[in-house]
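Chain residues, written in single-letter form:
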Amino acid sequence: MAVQDSIVAPTLPPNIIRDTTAVDSVAADSLNGEKPLLLDKIKYKAKDYVKLSQKDQKIYLYNEAEIYYQDTELKAGIIIMDYIKNEVYAGRIKDSLGNYTQIPYFKQGNNVVIPDSIRFNFDTQKALIWNSRTEQQAGLGQLGSDAMKVYAEITKKENDSVYFLSEGKLTTSKDTIDPDYYIRVKKAKFVPKKKVIAGFSNLYLVDVPTPIALPFAYFPLTTGRTAGLIFPTFGNDPNRGYFLQNGGYYIPINDNFDFSLSGDFYTNGSYGVRGQSLYAKRYKYRGRIYFSFENIVTSQKGFDDFSRSTSYQIQISHTQDPKSNPNSRLSASVNLGSSNVFTNSLLQQNLPNTQVNSLNSSISYSKTFPEYPSVNLSLTATHNQNTRTDVVNLTLPTMQASMERIFPFAKRDGIKKGIIQNINFQYDVNAQNSIVTNDEDFLTARMFDNARVGARHRIPISTNFKVAKYFSVSVGGSYEDVWTLETVNQSFDSTTEQVVRDTVSGFDRFNQYSFSTSIGTTIYGTFVFGEDKKIQAIRHTMRPTISYGYAPSFDQFYDEYLNTVTGEDVQFTRFQGSLYGTPRLGKSNAMSFAIANTLEAKVRDKDSTALEPKKVSILSNLNVSTGYNFEADSLRISPVNITGGTTILDNKMSINFGANLDPYAIDNNGRRINTFNIDNGGSLFRLTSARMNIGYSLSSKTFDKDKKDEEEEEDPYDYVAASGGRTDDLFGKANDFENGRGFNDRDDKDSDDIENPYYGTKLPWDLRLQYAVTYSNSNRQNEFTNHSLMFSGNVDLSPRWKVGASSGYDFKNKGFTLTQLRFERDLKSFRMNFNWTPFGGFERWYFFIGIKSSILSDLKWENRSQR
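What counts and what doesn't
- Residues numbered from 1 in each chain as written.
- Predicted model: local features only at pLDDT ≥ 70, side-chain atom pairs only at ≥ 80, totals over all residues.
- Heavy atoms only, no water.
- Helix = DSSP H or I, 4+ residues; strand = E, 2+ residues; numbered from the N terminus.
- Buried < 20%, exposed > 50% of the residue type's maximum accessible area, 1.4 Å probe, protein only.
- Contact = heavy atoms within 4.5 Å.
- Areas by Shrake-Rupley, 256 points an atom, 1.4 Å probe, with all protein chains shown as cover.
- Patch = residues over 30% accessible without salt bridge, like charges linked within 9 Å, V, L, I, M, F, W, Y side chains within 5 Å.
- Salt bridge = Lys/Arg side-chain N within 4 Å of Asp/Glu carboxyl O.
- Lys, Arg positive; Asp, Glu negative; His and termini not counted.
- Charge placed at Lys NZ, Arg CZ, Asp CG, Glu CD.
- Pairing = 2+ DSSP bridges.
- Phe/Tyr/Trp six-rings, centres within 6.5 Å; stacked < 30°, edge-to-face > 60°.
- Polar contact = N/O pair within 3.5 Å; in protein donor to acceptor, adjacent residues only side chain to side chain.
- pLDDT = per-residue confidence, 0-100.

Peer 1: Can you lay out the overall build of the chain for me, pointing to particular residues and giving the numbers?
Peer 2: Looking only at helices and strands, the chain has four helices and 53 strands in total. When burial is assessed residue by residue, the chain has 37% of its 867 residues classed as buried. Here the contacts in the chain between residues at least 6 apart in sequence split such that 51% fall between residues at least 24 apart. In the form shown here, the chain has an accessible surface area of approximately 48800 Å², with 54% of it arising from carbon and sulfur atoms.

Peer 1: Quick rundown of the environment of R501? Include the residues and the values.
Peer 2: For R501, the location among the structural elements is in strand β34 (residues 498-520). Look at R501 and you get partly exposed, because its relative accessible area is 45%. Considering only alpha carbons, one finds R501 and S491, 10 residues apart in sequence, at a separation of 6.7 Å. Those residues within four positions of R501 in sequence are excluded, and the remaining contacts are V488, N489, Q490 and Q576.

Peer 1: If you had to explain a nonpolar patch on the surface to someone new, which residues and values would you point to?
Peer 2: A surface patch of nonpolar side chains, about 560 Å² in accessible area, is lined by L261, F265, Y271, V273, F291, F293 and I314. Counting residues per element, the ones that place at least two in the nonpolar patch are β23 (257-266), β24 (271-281) and β25 (285-298). For F265, the location among the structural elements is in strand β23.

Peer 1: Would you mind going over a positive patch on the surface in detail, with residue names and values included?
Peer 2: A cluster of basic residues, K534, R604, K606 and K614, forms a positive patch at the surface. Along the chain, the position of R604 falls in the loop between β39 (588-603) and β40 (614-629).

Peer 1: How would you sum up the pairing of strand β50 (residues 820-827)? Please name residues and give values.
Peer 2: Only one face of β50 is buried, namely the one carrying Q820, R822, E824 and D826, since none of L821, F823, R825 and L827 on the opposite face is buried. Across six bridges, strand β48 (residues 801-810) lies against β50 in antiparallel orientation. Along β50, the bridge assignment pairs W801 with R825. As defined by bridge partners, β50 adjoins strand β51 (residues 830-837) across seven bridges and the pair is classed as antiparallel. The residue of β51 that forms the bridge with D826 is R831. Hairpin connection from β50 to β51: two residues lie between these consecutive antiparallel strands, with K828 at a positive phi of about 60 degrees.

Peer 1: An account of the packing of aromatic side chains is requested, with residue identities and associated values reported.
Peer 2: Taken as a whole and assessed by the stated rule, the structure comprises 27 aromatic pairs. Seen in terms of ring centroids, Y69 and F122 are 5.1 Å apart; in terms of plane orientation they differ by 75 degrees. Their pairing is edge-to-face. With Y69 in strand β4 (residues 58-69) and F122 in the loop between β11 (117-121) and β12 (127-141), this residue pair connects regions lying 53 residues apart in the sequence. Summarising the burial analysis for this pair, Y69 and F122 share the class buried. Where F243 meets Y266, the ring centres are 5.1 Å apart and the plane angle is 35 degrees; that geometry is what we call tilted. Highlighted residues: F243 in strand β22 (residues 241-254) and Y266 in strand β23, separated in sequence by 23 residues. Side by side, F243 and Y266 carry an identical accessibility label, which is buried. Among the aromatic residues, those joined into a cluster by ring pairs are Y69, F106, F120 and F122.

Peer 1: If you had to explain the side chain of T646 to someone new, which residues and values would you point to?
Peer 2: Turning to its location among the elements, T646 is positioned in strand β41 (residues 640-648). Given a relative accessible area of 10%, T646 falls into the buried group. At a separation of 2.6 Å, a polar atom in the side chain of T646 contacts the main-chain carbonyl oxygen of I618. Sequence-distant contacts of T646, that is, excluding residues within four places in its chain, are made with S617, I618, L619, S620, M653, S654 and I655.

Peer 1: Help me get a handle on the confidence of the model for the chain, residues and values and all.
Peer 2: Summarising the model, the chain shows a mean pLDDT of 84, and 86% of its residues fall at 70 or more. A low-confidence stretch, residues 20-33 (pLDDT under 50), is modelled with 15 contacts involving residues beyond four sequence positions or located in other chains.

Peer 1: Outline the pattern of salt bridges, supporting the account with residue identities and numerical values.
Peer 2: According to the stated counting rule, one finds 23 salt bridges in the structure shown. Between E158 and K156 there is a salt bridge whose closest N-O contact spans 4.0 Å. Since its relative accessible area comes to 42%, K156 is described here as partly exposed. Among the salt bridges present, the one from R686 reaches D662, with a minimum N-O distance of 3.1 Å. Placement of the pair is R686 in strand β45 (residues 686-699) and D662 in strand β42 (residues 653-662), with a sequence separation of 24 residues. Given the relative accessible area of 3%, D662 is considered buried. Sharing partners across several salt bridges, the network here consists of R92, D116 and R133.

Peer 1: Tell me about the pairing of β34, and name the residues and values.
Peer 2: Summarising the sheet, strand β33 (residues 471-493) and β34 pair through 21 bridges and their orientation is antiparallel. Looking at β34, one finds that V475 is bridged to T517. Taking the residues between adjacent antiparallel strands as the criterion, β33 and β34 are bridged by four residues, where E497 takes a positive phi near 55 degrees. Judged from the six bridges that link them, β34 and strand β36 (residues 535-551) form a sheet pairing that is antiparallel.

Peer 1: Pulling in residues and values, what's your account of the environment of Y365?
Peer 2: Tracing the backbone through its elements, the reader meets Y365 in strand β28 (residues 358-369). On the basis of relative accessible area, Y365 is assigned to the partly exposed category, the value being 35%. If we skip the residues at most four places from it in the chain, Y365 touches S328, R329, L330, L377, S378 and L379. Among the polar contacts made by the side chain of Y365, one reaches the side chain of S328 at a distance of 2.9 Å.

Peer 1: Go over a negative patch on the surface with me, naming the residues and quoting the values.
Peer 2: On the surface, a cluster of negative charge is contributed by D559, E560, E568 and D569. When residues of the negative patch are traced back to their parent elements, those giving at least two are β37 (558-563) and β38 (568-573).

Peer 1: Kindly report on unusual backbone geometry, identifying the contributing residues and their values.
Peer 2: Glycine aside, the phi torsion of most residues is negative, and most peptide linkages are trans. Residue P373 is reached from Y372 by a cis peptide bond, and omega for that bond is -10 degrees. Here P373 shows up in the loop between β28 and β29 (375-386). Cis rather than trans, the peptide bond between L396 and P397 has omega equal to -10 degrees. With respect to the element layout, P397 can be found in strand β30 (residues 391-406). One non-glycine residue, N246, lies in positive phi territory at about 60 degrees.

Peer 1: Describe the environment of I666, naming the residues involved and giving the relevant values.
Peer 2: Position of I666 relative to the elements: it lies in strand β43 (residues 664-666). Sequence spacing of I666 and N677 is 11 residues, and the spatial spacing of their C-alpha atoms is 8.0 Å. Ignoring any residue separated from it by four or fewer positions in sequence, one finds I666 in contact with R671, R672, I673, N680, R686, S778, N779 and R780.

Peer 1: Residues and numbers for the side chain of S201, please.
Peer 2: Positionally, S201 belongs in strand β17 (residues 201-205). With a relative accessible area of 5%, S201 lands in the buried category. A distance of 3.1 Å separates a polar atom in the side chain of S201 from the backbone oxygen of G199. With sequence-adjacent residues up to four places away left out, S201 is seen in contact with I183, R184, V185, I212, A213, L214, A217 and F219.

In structure tokens form, the structure reads like this:
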């Protein structure tokens with residue numbers, strides 16, 4: 001509450017109101033004075049005293065003094081108000097220890113200034129401020145907005161939107177008392193939330209001037225998206241000369257759409273162009289379009305090591321909000337480019353992607369017609385490109401339509417019982433335009449030369465019922481009709497003694513059908529050990545299935561020609577090479593057997609308060625399958641296929657394995673013969689192949705009993721994920737330092753965490769291991785075709801020091817895989833990174849240091865070495 005002044009003062013001017021209770025309780029003045037110069041009432045209060053001096057024509061407010069006028073708010077230890085000049089002066093006061101306290105707080109609108117002292121005129125709205133401090137939120141990019149701190153020894157407020165600074169400092173450091181860096185400006189014009197235009201500007205590090213200076217500077221302080229230049233990185237490459245990299249321009253076209261264009265230029269003639277557009281409409285859709293083209297020149301013309309190559313990449317991602325249109329959906333995930341797009345890239349962040357050997361794309365549109373019977377229609381264009389073999393597979397497009405399952409002998413919404421009511425049928429059609437080409441012909445007219453067009457119609461009919469309560473039986477059949485627009489005709493030319501193959505254009509079709517049935521059940525076996533045991537029970541679930549299939553031969557679609565050289569009749573079908581295969585030749589009459597197993601345990605929970613035991617998976621799956629062909633004249637038994645998988649060590653380790661066992665022996669040429677392997681002097685089965693993959697991930701949190709592992713959130717700006725590469729760091733990290741994504745920013749942590757004594761006894765760390773082995777013995781080669789161990793790990797040596805490594809060893813080829821060493825240092829306002837690939841085909845190193853804030857992210861230095 002305001003303290004009553006003991007001085008009997010004359011009546012104040014009507015435009016000055018003393019607040020004796022609260023800021024908002026203002027009494028109306030009953031005196032009719034002259035029209036005030038001010039536009040509103042002035043309200044004030046103080047904690048210790050409010051003193052009115054008629055001699056000085058001033059009001060003195062002491063201790064927690066406050067003044068309010070329109071949108072202007074002033075708080076300070078002491079405020080002196082001249083009610084004749086309509087001016088106020090605010091400053092600090094000393095406490096009992098002689099330290100200055102209650103620094104003035106000046107707010108006008110949304111602009112806040114915290115100075116040592118201030119002089120403000122209510123009429124002109126001008127002010128003179130000493131040692132001012134203000135904070136401006138600026139920028140809106142991938143990392144969000146940042147705060148720019150503006151300091152000045154003397155500030156002159158010209159009006160609501162213009163301030164003139166003398167001996168100012170600009171910084172984004174969070175240390176407001178002693179910033180680790182700042183840009184010193186002698187004179188500047190400051191427009192809040194818009195810009196700072198400065199004269200001579202010099203970068204200081206820990207109060208030490210650096211040679212980095214400009215005769216004038218411009219600092220944008222706008223929030224939101226604004227158009228502007230993207231400052232390039234400059235440096236020197238030993239193979240390409242001096243360069244400017246990632247320079248360009250950014251344009252926010254509207255609230256839902258933007259575009260950025262950047263490029264690289266090297267003095268030896270290499271260059272790169274990249275464009276990106278992000279778009280989004282709330283509750284409708286969002287997406288990203290990216291393209292790049294690089295002209296890569298190595299060395300100089302006339303030298304033996306001179307080479308030139310080009311590469312390109314196109315990426316499109318589009319997702320639709322399901323709520324926008326539940327019955328219609330458009331989605332896209334496109335990632336296509338030249339086969340050398342990663343291996344020869346000018347960008348260092350493409351290093352991990354050099355181990356990616358495939359590019360995949362898909363664009364699909366689906367439409368649902370909900371009226372009964374509902375129909376789902378989709379159009380999909382797909383792309384699969386092997387960057388090692390340069391083979392490109394396309395479907396342009398695939399049309400898929402399916403009708404919902406219809407039960408003709410049962411009510412639509414009723415319960416279906418028995419063999420008759422469960423009879424149902426469906427209809428679906430699949431049509432494709434399939435293209436197989438290579439990297440050279442891709443995106444040219446030549447890629448359509450070998451295109452294949454076809455359609456397949458299917459009508460499956462089935463029913464199911466129970467037998468003896470525990471056995472599930474299903475019976476069904478399928479009719480298939482295949483269309484094609486191109487067939488072949490074959491004949492034998494006795495003159496040239498060669499087979500003549502002619503392509504016949506035009507519509508043609510064939511049909512075929514098949515029957516199938518299966519019976520299966522579920523068997524449970526439980527072993528109970530007692531509730532007082534650590535392992536209380538183990539349950540084994542087994543699901544055996546026996547299936548039988550029959551399909552006749554469709555000889556009517558086959559023709560013959562006479563080979564006059566051998567005198568033999570050669571059988572062929574005009575549908576050879578068609579998109580959906582050829583008609584079935586020979587009757588199919590086979591039975592298959594499969595057993596699926598799972599193994600679970602109930603264990604006593606370590607938590608004594610838990611009421612129920614915990615379920616633990618011992619074996620997630622173990623599947624065994626084989627078959628018997630009744631129509632084969634030999635080798636009737638199919639190889640036994642075994643697959644399985646499990647997770648152990650509290651789901652930290654995943655194990656997947658598989659094997660193929662052949663009951664038949666092979667001859668000296670490696671061909672299977674109709675003799676059991678055991679009758680040929682071998683074992684019951686012959687191991688032809690085996691494979692196993694083990695993944696293990698753990699960290700220091702694994703052994704921390706007090707904390708649970710935190711799930712890592714997907715980074716929407718992860719460069720590797722966006723480019724279609726690996727999302728883990730087994731092939732190294734792809735840090736895009738120039739976009740501020742290179743360091744795990746710790747600035748959001750409290751300073752107490754940085755000095756936490758936890759680092760004195762424990763070091764946070766993480767480790768990932770991936771082991772893969774493949775064994776092949778189909779022809780007695782008895783060899784491991786693949787045998788490797790990949791590993792990656794990171795250690796936080798201190799809250800601001802982090803080191804990491806990624807590598808692996810190929811036991812078959814006896815050599816290390818792509819190896820990367822990483823060093824990261826958090827320098828508070830700066831970040832420093834050093835990545836090193838010490839050997840191999842991609843040997844290189846990369847160093848970066850720069851300001852983390854997006855406002856001054858162009859203040860950086862980097863150097864690299866590329867081979």
